[in-house]
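# Topology and contacts: notes
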Amino acid sequence: MIHEELQDALNAQINQELSAAYNYLAISAYFDEENLDGFAKWMLLQYNEELDHAQRLKNYLLDRGGHLCLDAIAKPRSQFTGPLEAFEFSMLQEQHNTKSINNLYEIALRLNDHATKSQLQWFLDEQVEEEKSVEEVIKTLQRIGGDVAGLLYLNDKLGARQPETSI
Ligand code: FEO
């Protein structure tokens, strides 16, 4: 049976992953409305990944005999001044999520819950990749500036992204 404090923290993290998914879905729709299909696809894959993260945590919580407590999800932001602002917003979300996973890990450490530490290791590694991929797009967008050809090139590049293996 998992410690109640960890159960609560895992439930909060599940809510955060679902909130992130919701935000990415809204950003994907924003890009669709801007006729940037590659950006939209990239964000939709992010949406799917966040759903996988929530599912992975939910499965773990239940495997440990915990209780799933789903909470309300805030309305996502859906308007941006352009791709750069949408990706900067995504970066803030990922940084917030990294901090949250770190806090969760620290609780598991304090409670000597080695199984949860092991489970969270995957998320710590995943956050490094997530922040890196968003940062790369931000840097490219900064380099592109107002150049339409550059933006369309990046749109094609992001549209070539393939989904990761789902859990
Ligand atoms: Fe589930 Fe983007 O972290």
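Rules of the game
Residues numbered from 1 in each chain as written. Predicted model: local features only at pLDDT ≥ 70, side-chain atom pairs only at ≥ 80, totals over all residues. Heavy atoms only, no water. Helix = DSSP H or I, 4+ residues; strand = E, 2+ residues; numbered from the N terminus. Buried < 20%, exposed > 50% of the residue type's maximum accessible area, 1.4 Å probe, protein only. Core = buried A, V, L, I, M, F, W, Y, C linked by side-chain atoms within 4.5 Å. Contact = heavy atoms within 4.5 Å. Phe/Tyr/Trp six-rings, centres within 6.5 Å; stacked < 30°, edge-to-face > 60°. Lys NZ or Arg CZ within 6 Å of the ring centre and 35° of its normal. Axes fitted to C-alpha atoms, helices over the stretch in contact; angles between N-to-C directions. Parallel < 35°, antiparallel > 145°, perpendicular 65-115°, else oblique. Nonpolar A, V, L, I, M, F, W, Y, C, P; charged D, E, K, R; others polar.

A few words on the environment of glutamate 135. Examined against the element boundaries, glutamate 135 turns out to sit in helix H4 (residues 114–144). By relative accessible area, which is 29% here, glutamate 135 ends up partly exposed.

Here we take up the nonpolar core. One finds Phe31, Phe39 and Phe87 to be the most contacted residues of the largest nonpolar core, which totals 20 residues. Of all the secondary structure elements, the ones that give two or more residues to this core are helix H1 (4–33), helix H2 (37–63), helix H3 (83–110), H4 and helix H5 (148–159). Considering every element that reaches this core, the biggest residue donor is H4, with five residues. Once you skip the residues sitting within four places of it in the chain, phenylalanine 31 turns out to touch Leu36, Phe39, Ala40, Met43, Pro83, Ala86 and Phe87. Among the nonpolar cores identified, the runner-up in size contains 16 residues, and Ile2, Leu57, Ile107 and Leu120 belong to it.

Applying the stated criterion across every chain, the model contains eight aromatic pairs. With a centroid separation of 4.9 Å and an interplanar angle of 80 degrees, the aromatic rings of tryptophan 122 and phenylalanine 123 are classed as edge-to-face. Residue tryptophan 122 is classed as partly exposed on the basis of its relative accessible area, which comes to 29%. Assessed through its relative accessible area of 1%, phenylalanine 123 is described here as buried. An aromatic cluster is defined as three or more aromatic residues linked by ring pairs; in this entry it consists of Tyr30, Phe31, Phe39, Trp42, Phe80, Phe87 and Phe89. Arginine 56 extends its terminal NZ or CZ atom over the ring of tryptophan 122, reaching a point 3.6 Å from the ring centre.

Okay, the packing of H1 against H3 next. Direction vectors running N to C along H1 and H3 enclose 170 degrees, while the axes themselves pass 11 Å from each other. Considering their axes alone, H1 and H3 lie roughly antiparallel with respect to each other. Each residue belonging to the contact of H1 with H3 can be placed in one class, and the counts come to 16 nonpolar, nine polar and four charged.

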